[in-house]
Amino acid sequence: MTNRKPNGRLDIHMDNQPAAAILSDIYKERKMIMEKAFAYICAASDAAPRLLKRYCRKVYELGYVPICPKLSEAQYLQPDNADEKKDFHSIARQKLGRCRMLVVCGNEISHSMSAEIGAAEKRNLICTTLDGLAKIKEADENGGL
């Protein structure tokens with residue numbers, strides 16, 4: 001049996017279980033933690049933070065880890081400063097490269113969103129919408145497409 005300690009480490013109790021069973025439990029727990037794919041949130045640059053938070057929440061509820069540079073980097077970078085705007089785009093590109101998919105959020109695609117979608121396609125990432133992601137989750141729960 002395994003229990004996670006407050007410091008994040010696993011506490012293993014033998015309880016007369018074979019070592020293979022214990023290791024199997026540890027592997028399953030780690031796999032569950034690592035299974036969630038990163039999903040890049042692609043939204044209009046003028047989207048309100050409350051809307052970005054809602055998009056991130058929906059992606060999280062669908063079982064993915066939302067990555068939203070427009071929400072996170074806007075907290076410490078100044079878009080009016082040309083150098084920081086360049087740094088924002090660099091950071092966003094690096095985060096996109098670490099994601100498995102890009103999720104288009106909103107009703108219209110802006111010029112900056114088109115650029116992000118193009119970058120994702122060059123990296124052969126999955127490009128979908130929130131509705132598409134929900135349909136994938138639903139099909140997966142119902143035993144496949």
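This write-up is about the structure you can find in this document. All values derive from a computational prediction rather than experimental measurement.

Thresholds, definitions, all that
Residues numbered from 1 in each chain as written. Predicted model: local features only at pLDDT ≥ 70, side-chain atom pairs only at ≥ 80, totals over all residues. Heavy atoms only, no water. Helix = DSSP H or I, 4+ residues; strand = E, 2+ residues; numbered from the N terminus. Buried < 20%, exposed > 50% of the residue type's maximum accessible area, 1.4 Å probe, protein only. Contact = heavy atoms within 4.5 Å. Areas by Shrake-Rupley, 256 points an atom, 1.4 Å probe, with all protein chains shown as cover. Core = buried A, V, L, I, M, F, W, Y, C linked by side-chain atoms within 4.5 Å. Expected span 1.5 Å × (residues − 1). Arc of directions from axis to C-beta. Pairing = 2+ DSSP bridges. Axes fitted to C-alpha atoms, helices over the stretch in contact; angles between N-to-C directions.

Counting its regular elements, the protein chain contains six helices and six strands. In the protein chain, the succession of helices and strands from N to C terminus is β-β-α-β-α-β-α-α-β-α-β-α. Each of the 145 residues in the protein chain was classed as buried or not, and the buried ones make up 29%. Long-range contacts, defined as pairs at least 24 residues apart, comprise 59% of the intrachain contacts of the protein chain with a sequence gap of at least 6. Approximately 10200 Å² of the protein chain is accessible, and the part contributed by carbon and sulfur atoms is 52%.

Grouped together as the largest cluster of nonpolar side chains are 18 residues, with contacts concentrated most on Val59, Tyr64 and Val103. Elements with a minimum of two residues in this core: strand S3 (38–42), helix H2 (49–61), strand S5 (101–104) and helix H6 (130–141). With four residues, the single largest contributor to this core is H2. Not counting residues within four places of it along the chain, the set of residues in contact with Val59 comprises Ala39, Ile41, Tyr64, Pro66, Val103, Leu130 and Leu133. Tyr40, Leu96, Val104 and Leu125 belong to the second largest nonpolar core, which has 12 residues in total.

This brings us to the side chain of Glu116. Note that Glu116 resides in helix H5 (residues 111–122). Filtering out sequence-adjacent residues up to four positions away, Glu116 remains in contact with Tyr40, Cys42, Ala43, Lys70, Leu96 and Leu102.

In this model, H5 (12 residues) spans 17 Å end to end at C-alpha, consistent with the 16 Å of a helix rising 1.5 Å per residue. Listing the buried residues of H5 in full gives Met113, Glu116, Ile117 and Ala120. Along the axis of H5, the buried positions cluster into a sector of 100°, meaning they face one direction only. Away from the buried face of H5 by more than 90 degrees, exposed residues His111 and Lys122 are located. If you follow the buried residues of H5, they end up packed against S3, helix H3 (69–72), helix H4 (82–97), S5 and strand S6 (126–129). The positive-phi residue at the C-terminal boundary of H5 is Asn124, with phi of around 60°.

So, on to H2. With 13 residues, H2 extends 18 Å between its outermost C-alpha atoms, agreeing within 8% with the 18 Å of an ideal straight helix rising 1.5 Å per residue. Inspection of H2 places Leu52, Tyr55, Cys56 and Val59 among the buried residues, and these make up the whole buried set. Buried residues of H2 fall within an arc of 95° about the axis and therefore sit on the same side. Opposite the buried face of H2, by more than 90 degrees, sit the exposed residues Arg50, Lys53 and Arg54.

For the rest of this paragraph, the subject is the sheet that holds S6. Sheet strands line up and pair through hydrogen bonds in the backbone, either parallel or antiparallel. Read from one edge of the open sheet, four strands run S4-S3-S5-S6, paired in parallel fashion. Two strands close off the open sheet at either side, each with one partner strand: strand S4 (65–67) and S6. Neighbouring strand axes in the sheet, compared pairwise and without regard to direction, differ in orientation by 30° on average. Where S5 and S6 come together, four bridges link them in parallel fashion. Bridging across to S6, Leu102 finds its partner in Cys127. Along the sheet, H6 makes contact with S5 and S6, crossing S6 at roughly 100°.

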